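Listed below are the residues making up each chain.
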Amino acid sequence: MRFPRSDGIVPGHSRSSTAWAPVRREIQCLGATHADSFHSPVPGTEVLAEQKVRDRYEENTGHAIMRRLAPLDVLACPAALLVWHARFVSGRAPEEAAQYTAVLEEVCGLTLHIQAIHAGCRPIPDCLRDKHFLDKHGARAYYDQFRQLVLSTDLRLQIGRSSPCMVTRCRVSISQI
């Protein structure tokens, strides 16, 4: 699996996404807020073996995230939850990664509320999910909301309220797993 270039990585411990990390379940697409930015459920990683925690934990964490994202279109779902840890979000630029981070935090919070109201809520139908996502990210995208919202003042405040947001400019150079 080849991964696209990613110049922004946002790790972090914001409230709602960190609450999901130990649950060990992917975050299903339950509505338009999720579908606008993520074309699939947000995945969680496998549990790291004790040896991998003791030896080169940070490197093994990265491998766990990359293995989990390998079967997915990373541009369509640029986020993962590291079990018992927190979220990791990527973007083609730091600003895009920060935007996805704010959206992921909102999605996680909404999912908590939705499941509290109705634990059996079903995921959004594929046709509606596709409509929302592809109108913003597809080859014929016409709805420019996502690009216009990149790192607005409101989103900076939203990320900052949850936890300090560290956006790291980097280049992900792993081309295969």
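Residues numbered from 1 in each chain as written. Predicted model: local features only at pLDDT ≥ 70, side-chain atom pairs only at ≥ 80, totals over all residues. Heavy atoms only, no water.

(A) Focus on the overall build of the protein. A count of helices and strands for the protein gives eight helices and four strands. Going from N to C terminus, the protein has its helices and strands arranged as β-α-α-α-α-β-β-α-α-α-α-β. Among the 177 residues that make up the protein, the fraction classed as buried is 41%. Here the analysis covers contacts within the protein between residues at least 6 apart in sequence; of these, 75% occur between residues at least 24 apart. (Helix = DSSP H or I, 4+ residues; strand = E, 2+ residues; numbered from the N terminus. Buried < 20%, exposed > 50% of the residue type's maximum accessible area, 1.4 Å probe, protein only. Contact = heavy atoms within 4.5 Å.)

(B) Summary view of the side chain of Ser90. Inspection of the secondary structure puts Ser90 in strand S3 (residues 87-91). A residue is classified by how much of its surface remains accessible, and Ser90, at 14% relative accessible area, is buried. Look past the residues within four positions of Ser90 in its chain and what remains in contact with it is Ser6, Gly8, Ile9, Val74, Pro78, Ala97 and Tyr100.

(C) Up close: the pattern of salt bridges. Applying the stated criterion across every chain yields a total of nine salt bridges. The salt bridge involving Glu96 is made with Arg92; its shortest N-O contact spans 2.7 Å. Residue Glu96 is classed as buried on the basis of its relative accessible area, which comes to 13%. Measuring nitrogen to oxygen at the nearest pair gives 3.2 Å for the salt bridge that ties Asp126 to Arg129. Taken together, the residues Asp126 and Arg129, both in helix H6 (residues 126-137) and three residues apart, mark about one turn of the helix. In this structure Arg129 comes out as buried when scored by relative accessible area, which is 16%. Among the charged side chains, a network of salt bridges with common partners joins Asp126, Arg129 and Asp130. (Salt bridge = Lys/Arg side-chain N within 4 Å of Asp/Glu carboxyl O.)

So yeah, pure geometry; function would need other evidence.
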